[in-house]
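# Structure at a glance
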There are 2 protein chains.
Amino acid sequence: MVVVERRKPIKVKEAIERVMNFAINGGKDFISIEQANGHFLGEDLVADHDVPLFNRSPYDGFTFKSTDTENVSSENPVLLQVIGEIGAGSVFTETVKNCQAVRIMTGAQIPAGCDAVVMLERTQEINQDGKTFIQLKQSFKSGDNISYKGEDTKKGTVLAEKGTFITPGVIALLATFGYKQVPVSKKPKVGVIATGSELLQIDEPLQPGKIRNSNAYMICAQIERAGGLPIYLGQFNDNLETCFTQVQEALDKVDFLITTGGVSVGDYDYLPAIYEKLKADVLFNKVGMRPGSVTTIAEKDGKLMFGLSGNPSACYVGFELFTRPVIRTFLHCKQPFLKSETALLGVDFPKPNPFDRFVRGHLTFKDGKLLATPVGLDKSSSVSSLAMTNVLIVLPAGSRGYEEGMEVKAILLEDQYGTSYQSFLSKDNSKPGRKEHHHEQ
Amino acid sequence: MVVVERRKPIKVKEAIERVMNFAINGGKDFISIEQANGHFLGEDLVADHDVPLFNRSPYDGFTFKSTDTENVSSENPVLLQVIGEIGAGSVFTETVKNCQAVRIMTGAQIPAGCDAVVMLERTQEINQDGKTFIQLKQSFKSGDNISYKGEDTKKGTVLAEKGTFITPGVIALLATFGYKQVPVSKKPKVGVIATGSELLQIDEPLQPGKIRNSNAYMICAQIERAGGLPIYLGQFNDNLETCFTQVQEALDKVDFLITTGGVSVGDYDYLPAIYEKLKADVLFNKVGMRPGSVTTIAEKDGKLMFGLSGNPSACYVGFELFTRPVIRTFLHCKQPFLKSETALLGVDFPKPNPFDRFVRGHLTFKDGKLLATPVGLDKSSSVSSLAMTNVLIVLPAGSRGYEEGMEVKAILLEDQYGTSYQSFLSKDNSKPGRKEHHHEQ
């Protein structure tokens, strides 16, 4: 009788909870603002001054007292004497008096005494007795065409929270507040070890029975996209003792360790033995999901070891569900999970499944709605579908298939804003999708 | 009389067309696969072999001839003699005969003579007379549990086109096809010069009347996001002759040149004079849009100079509308424009405008629909709104404002798939949005 270990699958939701119990926050680094795009804020970004810092002119024009323009119209124009000019960045030190005006450039500070600006195009310049005047033909209220101190941002406002993904817009704010060095979340070092005696190195010629190692490179790119620092530690050799030493040494160098392959119940699947020998705590070794049911996650002294499947699609999905939120938590993201949004299923998906299915799909938009369409071959071993994948379509376990146009959840893989665990796999994922114009088959 | 140059605004669509006339494709580089994530494919990625390369087993189990299981059931089981085993990566050289089976690991090649696989869990091992047998209690059809040669991808398939953004999924394919070195599109060198006598260096303390230079850092990050290589060339000084020399020297070093500020009609706006002195061809110097109407784009011997506004929001918008598609074209992207999708407006926007408005907004999803909501202060000088900006909400020129719930176009700033020019600002952008439950005010 073949002795096969019977593993009891747990629900995806519970698996994620078990992993997140060991998710920790990492530290903080400082890097130059030129390098900061794409990192994560290591501190809240707080406005340390008002923006604008002073009342300023949004236009090239003239500034003056609005009271000088009471009852002014094209029939009843007023002349104001031009007593100077203010370039952007300079300050006018005199106080402007009644019936005076000052030429002012875009962005320049409004001088004392003035409370309105007229655009250059709306004025006429008149020279009389060696003096320069402007003629105004309309009346102005106090504050007209003035950008007020603090109207954009008040001092003390939290403009972006710790853990925010740094975009060009965030960079603009960092520069505004003088961050030549930017506090960023330290990226976790994530080790990657590939297993499988069938794996060829990327530059080896093909051989019968073998395939090139694609998982390691894919996972390294997924780690990068998630915000981590991938450290590829190479391939396992075929000896259990050597593998054990490799894992033990790797654990000392990294914040988390990912292995690809070797978690199944086959004779060459060393990971279960290694976890045992390490006295690691196996959080689970079977999840009620397709692909990736063999995903095994263990922890040793609080350090997580992600035993992902050796099948490319299963490996990919396992990473996004279990490893990504741990990386984002390390980076202090308040919403470490990927957004999962309601979308219409783009095609029929007739295959029913006893396990929740995470189908590689491509998200598009149609008439303002999200449309998620499976791509390529839906097998855990498939790789070509991954090129176009930007969502995982969640098809909950059930006895029936799904029809085109049904509402499903789509996990957005390229999203940077994230969501909390509560909304990631919210209850409505477990009920079958509702079709907009439903007909029984 | 003040002499103010009267500029004639052109439509955004026409401005984009004039710029795109000078957009060119760049060259190709080779980089290691470890560095390739986030680059753009420099060649079509074509499958140079079938995937799988051979018929293989998707499970750990046994392989045999399906004809041996005809009429087999739990009442009528069959015994097959186990004559060997195939680890992943090894090849079984004998031909399997009737009533024989071979132990096979996940991913291993199906040996000659076999055409079905049974999962390990579904078998019983029986030892008799020193020989090992498995007992099967069900019948199999030819092909059961076999992953066939080429079922994932056929040799010759174009898996990703030249110009595709390289994601982790694309990396998996590059590794599968042995790309240790990856052909990537050469990134354009985009020079950035900041102008404005009001600008402080990022690490200078604040001074009355001055602001820190935030545009240069923001634009460098936008260049990175678009796929270009930013080269920050510093700030202009106040002397026209020196500025002219700076621009002339910069042009020799870069593929495109961006300046921020200095394109308005003010006394300190040097760019128009520099374009004239360079004998550059000014494509336009006024666009019917808010913010960024002063955006000026010129070309000298086919090299584009983007004169963006000095106002942060205007600068940001000008880049995304005009510079990004030029960068993406250089990278060989077939769809160099950002996706612009129908979304529901998240709040009322009562301000009517004679110019098309590109409002900084944040995109969320609600019940499977796109929802675009303006963020922060809607002024061209505002900077705080940029932190949360991930869409530009297009509000076409017109005499009335917009209401919450109306359909608008939203340009997705973090999109990597893009669109063609035809669909970027398609005709329906120029008609006012339709509200789902409309009521006249």
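Residues numbered from 1 in each chain as written. Chains lettered and ligands numbered in written order. Predicted model: local features only at pLDDT ≥ 70, side-chain atom pairs only at ≥ 80, totals over all residues. Heavy atoms only, no water.

The name given to chain A in an unreviewed UniProt entry is Molybdopterin molybdenumtransferase, with the source organism recorded as Lottiidibacillus patelloidae. UniProt, in the comment section headed Pathway (unreviewed entry), describes chain A in these words: "Cofactor biosynthesis; molybdopterin biosynthesis." Its UniProt record gives chain A a comment under Cofactor (unreviewed entry), which states: "Mg(2+)". (UniProt positions renumbered as here; feature names shortened; annotations may be inferred.)

### With respect to the relation of the copies chain B and chain A
Rotating chain B by 180° about the axis while translating it 0.0 Å along that axis superimposes it on chain A, leaving an RMSD of 0.1 Å. Expressed as a symmetry operation, the mapping of one chain copy onto the other fits a two-fold axis. Taking C-alpha positions as reference, the residue of chain B nearest the rotation axis is B:Lys369, located at 2.2 Å. Interface residue correspondence from chain B to chain A reaches 100%, placing this contact among same-surface, isologous pairings. (Least-squares fit on C-alpha atoms with pLDDT ≥ 70 in both. Contact = heavy atoms within 4.5 Å.)

### Notes on the packing of helix α1 (residues 12-20) of chain B against helix α6 (residues 312-330) of chain B
Helix-helix packing is characterised by the crossing angle of the two axes and by the distance between the axes. Residues and elements named next belong to chain B. As a packed pair, α1 and α6 sit with axes 10 Å apart at the nearest point and diverge in direction by 35°. Here α1 runs over α6; the crossing is right-handed. Note on element contacts: α6 touches α1 through Leu-321, Phe-322, Pro-325, Val-326 and Thr-329, opposite Val-12, Ala-15, Ile-16, Val-19 and Met-20. Classifying every residue of the contact of α1 with α6 gives nine nonpolar, one polar and no charged. (Axes fitted to C-alpha atoms, helices over the stretch in contact; angles between N-to-C directions. Helix = DSSP H or I, 4+ residues; strand = E, 2+ residues; numbered from the N terminus. Left-handed = near helix turned anticlockwise from the far one by under 90°. Nonpolar A, V, L, I, M, F, W, Y, C, P; charged D, E, K, R; others polar.)

### Focus: unusual backbone geometry
A cis amide bond, omega -10°, links B:Val51 with the succeeding residue B:Pro52. At the junction of B:Arg290 and B:Pro291, the peptide bond is cis and its omega measures out at -10° in the coordinates. Relative to the elements of secondary structure, B:Pro291 occurs in the loop between β17 (289-290) and β18 (296-300). At A:Asp367, a position not held by glycine, the phi torsion is positive, near 50°. Its place among the elements puts A:Asp367 in the loop between β21 (356-366) and β22 (369-374).

### Considerations on the interface of chain B and chain A
Contact residues are listed per partner, giving 92 residues for chain B and 92 residues for chain A. Across the chain B to chain A interface the summed buried area is about 8,100 Å²; carbon plus sulfur atoms make up 60%. The interface formed by chain B and chain A includes two salt bridges. Close ionic contact of B:Lys180 with A:Asp203 constitutes a salt bridge, the shortest N to O distance being 3.9 Å. Our count for the chain B to chain A interface comes out at 20 residue pairs in polar contact (both at pLDDT 80 or more). Contributions of two or more residues to the side of chain B that touches chain A are made by β7 (124-128), α2 (168-176), β13 (211-212), α3 (215-226), β20 (340-345), β21 (356-366) and β22 (369-374) of chain B. It is α2(B) that provides the largest number of residues to the side of chain B that touches chain A, a total of eight residues. For the side of chain B that touches chain A, a count of residues per class yields 39 nonpolar, 28 polar and 25 charged. (Buried area = accessible area lost by both parts, 1.4 Å probe. Salt bridge = Lys/Arg side-chain N within 4 Å of Asp/Glu carboxyl O. Polar contact = N/O pair within 3.5 Å; in protein donor to acceptor, adjacent residues only side chain to side chain.)

### Some points on the sheet that holds strand β14 (residues 229-235) of chain A
All names here are of chain A. Ordered by their spatial adjacency, six strands build an open sheet running β14-β11-β15-β19-β18-β16, and the pairing between neighbours is mixed. Of all strands in the sheet, those bounded by a partner on one side alone are β14 and β16 (281-284). Sheet twist, expressed as the average angle between the axes of neighbouring strands with direction ignored, equals 25°. Looking at chain direction, strand β15 (residues 256-260) and strand β19 (residues 303-308) are connected through four bridges and run parallel. For Thr-259, the partnering residue across the bridge sits in β19 and is Gly-307. With respect to the sheet, helix α3 (residues 215-226) is in contact with β11 (189-194), β14, β15 and β19, its orientation differing from that of β14 by roughly 165°. On top of the sheet, helix α6 (residues 312-330) reaches β11, β15, β16, β18 (296-300) and β19; it is set at about 165° to β19, its chief contact. (Pairing = 2+ DSSP bridges.)

### Digging into the packing of α3(A) against α2(B)
Running from N to C, α3(A) and α2(B) cross one another at 160°; their axes reach a closest spacing of 8 Å. Taken together, the axis directions place α3(A) and α2(B) in an arrangement best described as roughly antiparallel. Judged by the twist between their axes, the crossing of α3(A) over α2(B) is right-handed. Here α3(A) contributes A:Tyr217, A:Met218, A:Ala221, A:Gln222 and A:Arg225 to the contact with α2(B), which in turn contributes B:Pro168, B:Ile171, B:Ala172 and B:Ala175. Across the contact of α3(A) with α2(B), the residue classes break down as seven nonpolar, one polar and one charged. (Parallel < 35°, antiparallel > 145°, perpendicular 65-115°, else oblique.)

### Describing the pairing of strand β19 (residues 303-308) of chain B
Residues and elements named next belong to chain B. A large share of β19 lies buried, amounting to five of its six residues. Taken together, the five bridges between β18 and β19 define a ladder with antiparallel strand orientation. Considered in β19, the bridge of Glu-299 is made with Leu-304. In sequence, β18 turns back onto β19 through a hairpin of two residues, with Asp-301 there showing a positive phi of about 50°. (Buried < 20%, exposed > 50% of the residue type's maximum accessible area, 1.4 Å probe, protein only.)

### Things to note about the packing of aromatic side chains
All names here are of chain B. Applying the stated criterion to the full structure yields 16 aromatic pairs over all chains. Ring plane angle 80° and centroid distance 5.8 Å describe the contact between Phe-256 and Phe-330, whose orientation is recorded as edge-to-face. Taken together, the residues span a long stretch of sequence, with Phe-256 in strand β15 (residues 256-260) and Phe-330 in helix α6 at a distance of 74 residues. Accessibility assignment for this pair places Phe-256 and Phe-330 in one class, buried. The positively charged end of Lys-277 is found above the aromatic ring belonging to Phe-244, 4.9 Å away from the centroid. (Phe/Tyr/Trp six-rings, centres within 6.5 Å; stacked < 30°, edge-to-face > 60°. Lys NZ or Arg CZ within 6 Å of the ring centre and 35° of its normal.)

### Observations concerning α3(A)
Taking 1.5 Å as the rise per residue, α3(A) with 12 residues should run 16 Å; its terminal C-alpha atoms sit 16 Å apart, in good agreement. Among the 12 residues of α3(A), 11 are classified as buried, and the element is accordingly described as predominantly covered. Turning to α3(A), its buried residues number three or more, namely A:Asn215, A:Ala216, A:Tyr217, A:Met218, A:Ile219, A:Cys220, A:Ala221, A:Gln222, A:Ile223, A:Arg225 and A:Ala226. Packing partners of the buried residues in α3(A) comprise β11, β14, β15, β19 and α6 of chain A together with α2 of chain B. Looking one or two places after α3(A), you find A:Gly227, whose phi comes out positive at around 110°. (Expected span 1.5 Å × (residues − 1).)

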